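# Coordinates in review
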Amino acid sequence: MPYVGSLKSVPPADDRKILDPLVEVLSQKAAEEIKENKDLIPVYLGIFKEVGFVLTRLIQVDGAGPMPFPMHTPERKLAEAIYGLRKKYGYDGAEDGELNYSMYTFIQRVPQIKVEKGEWQAKDELRYWLYVRGTAHALFVAALHFKDSELGLAGVFIDIKDEIKVRINRAYEIIQYAEKSEDCTFAPYYSKPVKAVDEKGNLIGYIEVHMKRSEETLHKNLLDGEVVLKKFKKKKK
C-alpha cells in the first residue's frame, strides 16, 4: 500500500506510520473471519464498535488508571494508538481524523486481502453487495450505536460512509453505466459521464457533467464527445 505521511503538521508527521501496521493486522484478522458474504456485517460492525468503545474509555479515563480489560487485541491496540495521537496533538477532537483514516483504510484493505489470498475474484474487490453491506450498512449501524457519544463518533462513521460513497463507490457506478449497464436515471436533473482522454486519444477515465433532463441526453449512458486533458509543460528553471 503506497501510504504517505499525515499532512496534519509541517513537516509531515508520522501518524500513518503508527497507524498503518495496526490497521493491517486488523484487516488481516477481519479477512480471516469473513468466510461468506453474510459475514461482512457482523465482522465489520463488531470491529467498529470495539474500536469506538475502547477509544471512548481511554479518553474518559485519560491516563488516570489501567484499563479494566486487557489491551492485546488488534482493535484495542488500534484504539490505543489513536488515543496516543490525540494526546500528542493535545486537543479534544484530534482523534476524529485518525479514526476516520484508520477505518477508511480498513474498509479498502479487507477485500484487497481476500483477493490477494485467492479467496475472492479480482472483481470482488469492489462490488455493490460489498459496498451496501460492509460499508453503508455496517457504518450506519455503528453510527446509531454511538448516537449519544459526546465524542462525535457517530459523525465520524457517517462521514466515512459518505467519503467512500463519493470517492470510491461513485466512481464504480459511473464506470459501470458508462461502459456496460443501462442508466435508469430520468429525474429533472441528472449527471452523465463523458470520456476524458489524453492528447493521443487514450482513455483516462470519465468526468461527470450535471445537466437538466433533455431528449438529447436522457437515453444516453455516455455523452457524445470527449474532454482532452493536456499535460502541463514543465517550466524551465
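Placed above this text is the structure.
A brief structural summary. (Residues numbered from 1 in each chain as written. Predicted model: local features only at pLDDT ≥ 70, side-chain atom pairs only at ≥ 80, totals over all residues. Heavy atoms only, no water.)

### Quick word on the overall build of the chain
Using the following cut-off: Counting from the N terminus, the helices are the DSSP runs of H or I reaching at least four residues and the strands are the DSSP runs of E reaching at least two. Exposure categories follow from relative accessible area, calculated using a 1.4 Å probe and restricted to protein chains: below 20% of the type maximum is buried, above 50% is exposed, and the middle band is partly exposed. In what follows, a contact means two residues having at least one pair of non-hydrogen atoms within 4.5 Å.
Scanning the chain for helices and strands turns up six helices and three strands. Beginning at the N terminus, the succession of helices and strands in the chain can be written as α-α-α-α-α-α-β-β-β. By residue count, 41% of the 237 residues in the chain fall in the buried class. Contacts spanning at least 24 positions in sequence make up 64% of the contacts within the chain whose residues lie at least 6 apart.

### Let's talk about the nonpolar core
What counts here: Only buried residues count toward a nonpolar core, which is a set of Ala, Val, Leu, Ile, Met, Phe, Trp, Tyr and Cys residues joined through side-chain atoms within 4.5 Å.
Ranked by size, the top nonpolar core spans 52 residues in total, and within it Tyr44, Phe48, Met103, Phe106, Phe157 and Ile160 carry the most contacts. Listing elements by their share of this core, those giving two or more residues are α1 (15-33), α2 (40-61), α3 (74-89), α4 (94-116), α5 (128-145) and α6 (153-179). A total of 12 residues in this core trace back to one element, the largest contributor, which is α2. Core analysis: the next-biggest nonpolar cluster, separate from the first, contains five residues, Tyr190, Val194, Met211 and Leu223 among them.

### Here we look at the pairing of strand β1 (residues 189-197)
If a strand is regular, its side chains alternate between the two faces of the sheet. Test applied: Two strands qualify as a pair provided DSSP detects at least 2 bridges between them.
For β1, the buried fraction is high: seven of the nine residues fall into the buried class. One ladder, built from nine bridges, connects β1 with strand β2 (residues 203-212); its direction is antiparallel. Across the sheet, residue valine 197 finds its bridge partner in β2, namely leucine 203. Counted between consecutive antiparallel strands, the loop separating β1 from β2 contains five residues, among which glycine 201 sits at a positive phi close to 90 degrees.

### Brief notes about the packing of aromatic side chains
Note the threshold: Two aromatic rings, drawn from Phe, Tyr or Trp (for Trp, its six-membered ring), form a pair once their centres lie within 6.5 Å of each other, and the interplanar angle then sorts them: stacked below 30 degrees, edge-to-face above 60, tilted otherwise.
For the structure shown, the criterion picks out six aromatic pairs. Centre to centre, the rings of tryptophan 120 and tryptophan 129 are 5.5 Å apart; their planes meet at 80 degrees, and the pair counts as edge-to-face. Each member of the pair, tryptophan 120 together with tryptophan 129, is buried. Through successive ring pairs, a cluster of aromatic residues spans Tyr44, Phe48, Phe106, Phe146 and Phe157.

### A few points about the pattern of salt bridges
The test is simple: In the sections that follow, a salt bridge refers to a side-chain nitrogen of Lys or Arg positioned within 4 Å of a carboxyl oxygen of Asp or Glu.
This model, assessed by the stated rule, comprises 21 salt bridges. When the shortest N-O distance is used, the salt bridge between glutamate 32 and lysine 117 registers 3.9 Å. Here the residue glutamate 32 occupies a position in helix α1, and lysine 117 occupies one in the loop between α4 and α5, the gap between them amounting to 85 residues. Owing to a relative accessible area of 40%, lysine 117 belongs among the partly exposed residues under this scheme. A salt bridge links arginine 86 to glutamate 95; its shortest N-O distance comes to 3.0 Å. With relative accessibility at 1%, the residue glutamate 95 sits in the buried group.

### With respect to the environment of proline 111
Topologically, proline 111 is positioned in helix α4. Expressed as a C-alpha distance, the spacing of proline 111 and lysine 123, which sit 12 residues apart in the sequence, is 10 Å.

### Things to note about the side chain of aspartate 20
Heads up, the rule is: Residues scored as positive are Lys and Arg, those scored as negative are Asp and Glu, and His as well as the terminal groups of each chain are ignored.
Here aspartate 20 is to be found in helix α1. Salt bridges are absent for the buried aspartate 20, whose nearest opposite-charge side chain, arginine 16, sits at 6.2 Å.

### Description of the packing of α2 against α4
As a reminder, the rule being used: Note on method: axes are straight lines fitted to C-alpha atoms, helices fitted across the in-contact stretch only, with angles between N-to-C directions ranging 0 to 180 degrees. Our angle categories are set so that under 35 degrees counts as roughly parallel, over 145 as roughly antiparallel, 65 to 115 as roughly perpendicular, and the remainder as oblique. Two helices cross in a left-handed way if the nearer one is turned anticlockwise from the farther one by less than a right angle. They cross in a right-handed way if the turn is clockwise. When residue character is reported, Ala, Val, Leu, Ile, Met, Phe, Trp, Tyr, Cys and Pro are called nonpolar, Asp, Glu, Lys and Arg charged, and the others, Gly included, polar.
Here α2 crosses α4 at 160 degrees, and the two axes come no closer than 12 Å. Classed by the angle they form, the pair α2 and α4 counts as roughly antiparallel. Crossing hand, α2 versus α4: right-handed. Residues Tyr44, Ile47, Phe48, Val51, Leu55 and Ile59 of α2 form the contact with α4, whose own contacting residues are Glu95, Leu99, Met103, Phe106, Ile107, Val110 and Pro111. Grouping the constituent residues of the contact of α2 with α4 by class yields 12 nonpolar, no polar and one charged.

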